[in-house]
Amino acid sequence: MNHYPGYALSRLDSQAEALLDQLVRSGASPTWARTPEDVRASALPAAWLGPNVPLAAVRQLRIPGPGGGLDLRLYVPPGRPPFPVLLFFHGGGFVTGALPDFDAFCSRVALGTPCLVASVGYRLAPEHAAPAAREDALAALAWIAAHARELGGDERLALAGDSAGANLA
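The structure displayed is predicted, hence computed values, not measured ones. Each chain carries its own residue numbering, running from 1 in the direction its sequence is written. Per-residue local features of the predicted model are confined to residues with pLDDT of at least 70, and side-chain atom pairs are confined, for both listing and counting, to 80 or more; whole-chain, interface and lining totals are unaffected and use all residues. Side-chain measures here rest on the full set of heavy atoms in the structure, leaving out hydrogens and waters.

1. Thoughts on the overall build of the protein chain
Counting secondary structure elements, the protein chain contains five helices and five strands. Reading the protein chain from its N end, one meets helices and strands in the order α-α-β-β-β-α-β-α-β-α. The buried share of the protein chain, reckoned over its 169 residues, is 33%. In what follows, residue pairs with any heavy atoms lying within 4.5 Å of each other are defined as contacts. Contacts in the protein chain between residues far apart in sequence, at least 24 positions, make up 70% of those at least 6 positions apart. In the structure as shown, the protein chain presents an accessible area of about 9,600 Å², 59% of it carried by carbon and sulfur atoms. Labels follow the DSSP assignment, with helices taken as runs of H or I lasting at least four residues and strands as runs of E lasting at least two, numbered in each case from the N terminus. Relative accessibility under 20% of the residue-type maximum defines a buried residue, over 50% an exposed one, and the middle range a partly exposed one, all with a 1.4 Å probe and only protein chains included. Throughout, the Shrake-Rupley method with a 1.4 Å probe supplies accessible areas, and for residues the shown protein chains are the sole cover considered.

2. Here we look at the side chain of S119
You can see S119 is positioned in strand β4 (residues 116-121). Among residues more than four places away in sequence, those in contact with S119 are D71, L72, R73, Y75, F88, L99 and C106.

3. Quick notes on unusual backbone geometry
In this structure, P82 follows P81 across a cis peptide bond, with omega equal to 10°. Within the fold, P82 resides in the loop between β2 (70-76) and β3 (83-89). Each neighbour pair has its own omega, and for A125 with P126 the value is 0°, a cis peptide bond. As for its placement among the helices and strands, P126 is situated in the loop between β4 and α4 (132-151). The backbone of F94 sits at a positive phi, close to 70°, despite the residue not being glycine. Following the sequence through the fold, F94 ends up in the loop between β3 and α3 (103-112). Since its relative accessible area comes to 28%, F94 is described here as partly exposed.

4. Focus: the pattern of salt bridges
When a carboxyl oxygen of Asp or Glu lies within 4 Å of a side-chain nitrogen of Lys or Arg, that pair is called a salt bridge. Applying the stated rule across the entire model yields seven salt bridges. Across the pair R123 and D136 runs a salt bridge whose closest N-O atoms are separated by 2.9 Å. On the criterion of sequence distance, the pair formed by R123 in the loop between β4 and α4 and D136 in helix α4 is long-range, its members being 13 residues apart. If you follow the salt bridges from partner to partner, you end up with R123, E135 and D136 in one network.

5. Remarks on the pairing of β3
Within β3, seven of the seven residues are buried, which leaves it mostly tucked inside the rest of the structure. Two strands qualify as a pair provided that DSSP identifies no fewer than 2 bridges between them. As defined by bridge partners, β3 adjoins strand β5 (residues 153-161) across six bridges and the pair is classed as parallel. Note that in β5 the partner of F89 across the bridge is G161. Sheet topology places β3 next to β4; five bridges connect them, and they run parallel. By the bridge assignment for β4, L87 is matched with A118. By the criterion used throughout, a crossover qualifies as right-handed when its path from the first strand across the helix to the second strand runs clockwise, the strands pointing away from the viewer. Chirality of the crossover, the property in question, places the unit of β3, α3 and β4 among those that are right-handed.

6. Some thoughts on the sheet that holds β5
Reading across from one edge, β1-β2-β4-β3-β5 is the order of the five strands in this open sheet, with mixed pairing throughout. Edge positions in the open sheet fall to β1 (57-63) and β5, since each of these has one partner strand only. This sheet shows a mean twist of 25° between the axes of neighbouring strands, independent of strand direction. Across the sheet, α3 touches β2, β3 and β4, and the angle it forms with β2 is around 40°. Here α4 sits on the sheet and contacts β1, β2, β3, β4 and β5; the angle it forms with β5, its principal contact strand, is near 150°. Fitted lines through C-alpha atoms give the axes, limited to the stretch in contact for helices. The angle between two N-to-C directions lies from 0 to 180 degrees.

In structure tokens:
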């Protein structure tokens, strides 16, 4: 059953189509038809990827941003610094998503790479109109680049993100 006429001329992966059909059968309103508060309340739980993995440290920082302070979590892998630095931007369509939602993901990346992973909490829409998220991302990048050594990083710096966060990266 195809509830998505935009895909009529192409083939969706059967698992993706089954997931979309399940969403339709659930009776939930489409994301675009709901309020940001409702979407945020129904987002995946913070533990969607399972528990965090053990790291040397997870540090909570507050760095300067163009609209005020930005929250930044630093996931420090075991081992001897300096480490390459990975600046990560969470997804959520620029409307949802928060640092705790990606703790398990970021801790796994830090352990598996090993990189010093810095995850930044940027301003979300609609409370903060574009280009607020982009400005926050640029500010976080500049701050990380300037402070990498004191955080235990080196000159190697990569950007990553998922969904909206990938757009920012």
